Amino acid sequence: MFAVKAEPKKTEFLEQAKSARLERANEKKREEACIEIQAYVRSFIVRRRLQKQVREEFDLFFQPCNGSETIVPPKPAIDVYKLVRKLLFLYSDRSDRERLEVLCRYLVASMDTDSTRDCYISLALNKDLMLDCIQQIKDLLWLCCLQLKTLKPDNPNDAKSINLHLHILVTFTSTSTWKMLKNKSMEPLRASLNQLCNNIMGHLHQSGMYSALQELLSKGLARAKPCLKHATLSAVITLALRPLVAANFSENLINLFVLHILSVPAVVQHLSVMAPECLAVFMSNGLFKKCLEMLISEQSTRIVFYSLEGNYALCLLGNIIQLADIEKEQLSTGLVEFTVVVSRLLERCQKYVVNKKSNLTHWHPVLGWFSQKTDVRLHDAMTHVVEQLSLLWSNNIIKILFAELLAVETPHEYPTLLGAQTPQQANRPKDLLKKAFSSRQNAHKSNKQEQNESVIVTLVCALYQTALSTLTQLRMNILTGISQHEALLSKLWHYIHTHVRLKSLLEQLSNNSSSSLPDCQVLILFCDCASYLITILDDIEMYEQQLPFRLQQVADMGLFFNQLVFRVVWNNVIDIRVVANHSLFVGAHGLLTLLHERDCRRQYAPKNHWLIKDVKASAFLGELEHGKKAASLLLQKVAFIIPHKERVLLFRKFVNGEKAAMGLTESVFASPQSTLITIHR
């Protein structure tokens with residue numbers, strides 16, 4: 001009975017104890033929260049008071065002289081050091097940007113005094129303050145680099161700030177302008193201070209100075225009309241070159257220079273206009289050659305390309321080409337390196353070029369449909385980049401790249417198919433081909449010289465062929481540039497005539513049907529250029545002036561490419577299923593068709609020149625009747641290889657076959673009831 005009454009009291013007691021315990025816990029939490037809030041508020045108030053105190057002290061310390069807005073009277077360097085340390089401790093870009101500019105302006109002015117008391121850099125000579133002072137200079141200069149990333153050069157006020165930050169960076173990375181060192185007593189310290197500058201530059205480039213300079217150059221130059229002035233551009237290039245010179249052009253720094261400076265759209269073109277003295281520094285240091293030596297490594301090229309991607313790799317390519325046009329002597333000595341580097345960059349860009357529009361492609365004004373997104377800033381600058389790329393097929397660079405080919409004297413008379421022939425000789429095409437395409441004309445050259453010439457010619461032809469397939473929107477410009485060069489195509493045909501043997505070419509294609517074979521690259525480039533040029537030649541130029549080819553050469557071209565097209569298909573050198581799309585077949589067939597059309601319009605080749613007499617017409621027709629794909633393709637592409645009489649008979653046979661298939665026989669036509677067509681007039 002008593003136990004039942006005590007149960008509610010026990011429960012009530014436990015509930016009261018629990019609520020008291022929770023109340024004490026909540027009270028403790030509130031007390032801790034109040035303390036934490038109070039700590040935050042007090043720290044905020046203290047920080048604000050400290051910031052206000054330091055900024056007021058800074059403003060009072062760097063108060064300009066009476067009657068001047070910017071000139072601050074000289075101050076002891078130790079006092080400046082202490083105040084700068086306070087400012088850097090609490091620096092805020094929103095509140096202290098103007099104070100930073102005042103400080104930079106004062107520090108630059110302090111370097112123009114020969115007083116060790118007032119010159120800021122003199123603190124680096126103090127053993128007690130040396131390390132802290134050097135670190136302070138590094139922090140201050142890196143802060144200036146960060147400002148270069150955010151400022152806009154097209155804004156007049158920001159442009160002044162940019163020049164100021166560049167000025168202090170240029171001043172503290174070289175001792176050449178330090179007035180303190182002009183005192184003879186300070187001359188022994190020059191080597192140590194030069195090492196200090198190198199140390200500062202090493203810290204800056206490791207922190208990311210090159211990316212800041214790249215951002216500034218891109219903002220100022222990646223536009224239709226550059227907004228950077230001469231002084232600004234010169235300062236940026238000077239800062240970019242100083243670490244290279246100090247490190248004796250180490251591969252790591254050259255890599256950074258290529259990635260961040262030479263990848264800026266048309267930077268070399270703008271330098272040639274606004275700051276040619278910077279290009280003179282490039283030339284005096286052999287920068288073009290050193291960049292090629294770095295990029296010749298396939299691994300370096302891969303790293304550079306994947307860091308830049310296709311858009312800026314194209315800008316890098318334009319700058320390299322313009323440097324080659326400026327440094328022609330270096331291009332002549334580094335011809336192979338230049339050709340390999342440019343070809344690799346073009347090949348890597350080509351991987352992202354597609355033939356048609358899709359949801360994953362973007363239109364590029366140079367590359368066409370491109371699988372990578374184009375930076376908006378590049379659209380305005382692309383005009384300048386195209387001007388740089390067009391130097392690759394300019395007269396000057398073509399002369400250098402094809403120098404060895406152009407130096408070869410083309411004989412006026414060489415084994416020909418157009419000379420006097422007996423009827424028996426006219427029926428011996430094998431002998432004619434042997435004379436025309438297997439003879440060697442370079443009797444005065446050693447085998448080593450011929451080999452070097454062949455390597456260079458094939459490399460250069462591969463370069464231009466890659467350019468044609470990559471720079472799709474500039475294809476006609478490239479063909480025009482190559483074709484308009486005097487004697488180049490004639491010399492190139494002479495090279496093919498004397499170096500490319502049809503038999504060996506077919507053997508190479510049977511083993512490897514890729515169009516990247518050296519001889520294939522030469523032939524494809526020649527076919528594309530010759531087709532482009534012959535299309536626009538009128539009859540006077542082609543038949544009377546005989547420019548750029550003599551009619552003898554044109555006839556030999558027809559014979560060579562006629563045999564090539566026939567052998568490739570008939571002997572199944574390239575798979576019949578893909579041969580119609582093979583680059584070599586397409587180029588050779590296009591030129592062959594064009595030559596045959598010109599001969600039909602006005603004959604320049606001997607009679608029966610286009611017939612293939614190695615295969616009898618009856619055998620060819622037999623293959624055609626058996627449904628052989630090779631014979632069908634040849635009939636479709638080059639029907640003129642069989643005599644006209646057989647073609648007429650074959651045509652009639654096809655007509656009769658179609659009539660029979662449609663039921664249109666003579667007996668049907670004779671029936672009066674069969675009216676198939678009714679004409680109403």
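J.: So what's going on with the overall build of the protein chain? Residues and values would help.
T.: Counting its regular elements, the protein chain contains 32 helices and two strands. Counting every position in the protein chain, which comprises 681 residues, the buried fraction comes to 47%. For the protein chain, long-range pairs separated by at least 24 residues make up 75% of all intrachain contacts whose partners lie at least 6 apart in sequence. Carbon and sulfur atoms provide 53% of the accessible area of the protein chain, an area that totals close to 35,800 Å².

J.: So, the environment of His 582: which residues are in play, and what are the values?
T.: By the secondary structure assignment, His 582 is in the loop between helix H27 (551–570) and helix H28 (583–601). What makes His 582 buried here is its relative accessible area of 10%. Linking His 582 and Ser 513, residues 69 residues apart in sequence, is a C-alpha distance of 8.7 Å. If we ignore the near neighbours within four places in the chain, the residues touching His 582 are Ser 513, Ser 514, Ser 515 and Ile 574. Among the polar contacts made by the side chain of His 582, one reaches the main-chain carbonyl oxygen of Ser 513 at a distance of 2.5 Å.

J.: Summarise the layout of surface pockets; cite the residues concerned and give the values.
T.: Space inside the largest pocket adds up to approximately 580 Å³. Forming the walls of the largest pocket are 23 residues, and the residues nearest its centre are Ala 462, Gln 465, Thr 466, Ser 515 and Gln 521. Within the residue set of the lining of the largest pocket, elements represented by two or more residues are helix H15 (335–350), helix H21 (447–470), helix H25 (518–536) and H28. In terms of residues, the lining of the largest pocket owes the most to one element, H21, which gives seven residues.

J.: So what's going on with the packing of helix H2 (residues 77–89) against helix H3 (residues 93–110)? Which residues, and what values?
T.: The description of two helices packed together rests on the angle between their axes and the distance between the axes. Two elements in contact, H2 and H3, have axes whose closest approach is 12 Å; the angle formed by their N-to-C orientations is 155 degrees. Viewed along their axes, H2 and H3 adopt a mutual orientation that is roughly antiparallel. The hand of the H2/H3 crossing is left-handed. Counted together, Val 80, Val 84 and Leu 87 of H2 and Asp 96, Leu 103, Tyr 106 and Leu 107 of H3 form the full contact between these two elements. For the contact of H2 with H3, the per-class residue count stands at six nonpolar, no polar and one charged.

J.: Run through helix H12 (residues 287–295), naming residues and quoting values.
T.: Where H12 is concerned, the buried positions are Leu 287, Phe 288, Cys 291, Leu 292, Met 294 and Leu 295. What you see down the axis of H12 is that its buried residues fit within an arc of 160 degrees, all on one side.

J.: Describe in detail helix H9 (residues 251–260), supporting the description with residues and values.
T.: Side chains of residues three or four places apart in an α-helix project in the same direction, reflecting 3.6 residues per turn. For H9, the buried fraction is high: seven of the 10 residues fall into the buried class. Buried within H9 are the following residues: Leu 253, Ile 254, Leu 256, Phe 257, Val 258, Leu 259 and His 260. Where H9 is buried, its residues contact helix H6 (190–207), helix H7 (209–221), helix H8 (230–246), helix H11 (276–284), H12 and helix H13 (298–326).

J.: For the packing of aromatic side chains, give the residues involved together with the corresponding values.
T.: Using the criterion set out here, one finds 19 aromatic pairs in the structure. Between Phe 257 and Phe 282, the aromatic rings sit 5.9 Å apart at their centres with planes inclined by 80 degrees, giving edge-to-face as the arrangement. Note that Phe 257 is positioned in helix H9 and Phe 282 in helix H11, a separation of 25 residues in sequence. Overall, Phe 257 belongs to the buried group, its relative accessible area being 0%. Between Trp 493 and Phe 561, the aromatic rings sit 6.3 Å apart at their centres with planes inclined by 40 degrees, giving tilted as the arrangement. Separated by 68 residues along the polypeptide, Trp 493 in helix H23 (residues 488–499) and Phe 561 in helix H27 bring together distant segments of the chain.

J.: Could you give me a rundown of the packing of H25 against H28, with the residues and numbers involved?
T.: Viewed as axis vectors pointing N to C, H25 and H28 meet at an angle of 35 degrees, and their least axial separation amounts to 9 Å. Considering only the axes of H25 and H28, their crossing is left-handed. Taking contact as the criterion, the partners of Cys 520, Leu 523, Ile 524, Phe 526, Cys 527, Asp 528, Ala 530, Ser 531, Ile 534 and Thr 535 in H25 are, on H28, Ser 583, Leu 584, Gly 587, Ala 588, Gly 590, Leu 591, Leu 594, Leu 595 and Arg 598. Partitioning the contact of H25 with H28 into residue classes produces 12 nonpolar, five polar and two charged.

J.: Break down the environment of Lys 152 for me, citing the residues and quoting the values.
T.: Tracing the backbone through its elements, the reader meets Lys 152 in the loop between helix H4 (130–150) and helix H5 (156–172). Placed 68 residues apart in sequence, Lys 152 and Gly 220 show a C-alpha to C-alpha distance of 8.1 Å. Among all residues touching Lys 152, those that are not within four sequence positions of it are Asp 158, Ala 159 and Ile 162.

J.: Can you explain the nonpolar core? Please cite residues and give values.
T.: The tendency in soluble globular proteins is for nonpolar side chains to be buried side by side. Phe 338, Tyr 464, Phe 526, Phe 561 and Leu 564 are the most contacted members of the largest nonpolar core, which has 202 residues in total. The element contributing the most residues to this core is H25, with 12 residues.

About the criteria used
Residues numbered from 1 in each chain as written. Predicted model: local features only at pLDDT ≥ 70, side-chain atom pairs only at ≥ 80, totals over all residues. Heavy atoms only, no water. Helix = DSSP H or I, 4+ residues; strand = E, 2+ residues; numbered from the N terminus. Buried < 20%, exposed > 50% of the residue type's maximum accessible area, 1.4 Å probe, protein only. Contact = heavy atoms within 4.5 Å. Areas by Shrake-Rupley, 256 points an atom, 1.4 Å probe, with all protein chains shown as cover. Polar contact = N/O pair within 3.5 Å; in protein donor to acceptor, adjacent residues only side chain to side chain. 1 Å grid on protein atoms, 1.4 Å probe; cavity = no way out; pocket = protein on both sides within 12 Å on 5 of 7 lines; lining within 4 Å. Points joined across faces, edges and corners; volume = space filled by probe spheres on them. Axes fitted to C-alpha atoms, helices over the stretch in contact; angles between N-to-C directions. Parallel < 35°, antiparallel > 145°, perpendicular 65-115°, else oblique. Left-handed = near helix turned anticlockwise from the far one by under 90°. Nonpolar A, V, L, I, M, F, W, Y, C, P; charged D, E, K, R; others polar. Arc of directions from axis to C-beta. Phe/Tyr/Trp six-rings, centres within 6.5 Å; stacked < 30°, edge-to-face > 60°. Core = buried A, V, L, I, M, F, W, Y, C linked by side-chain atoms within 4.5 Å.

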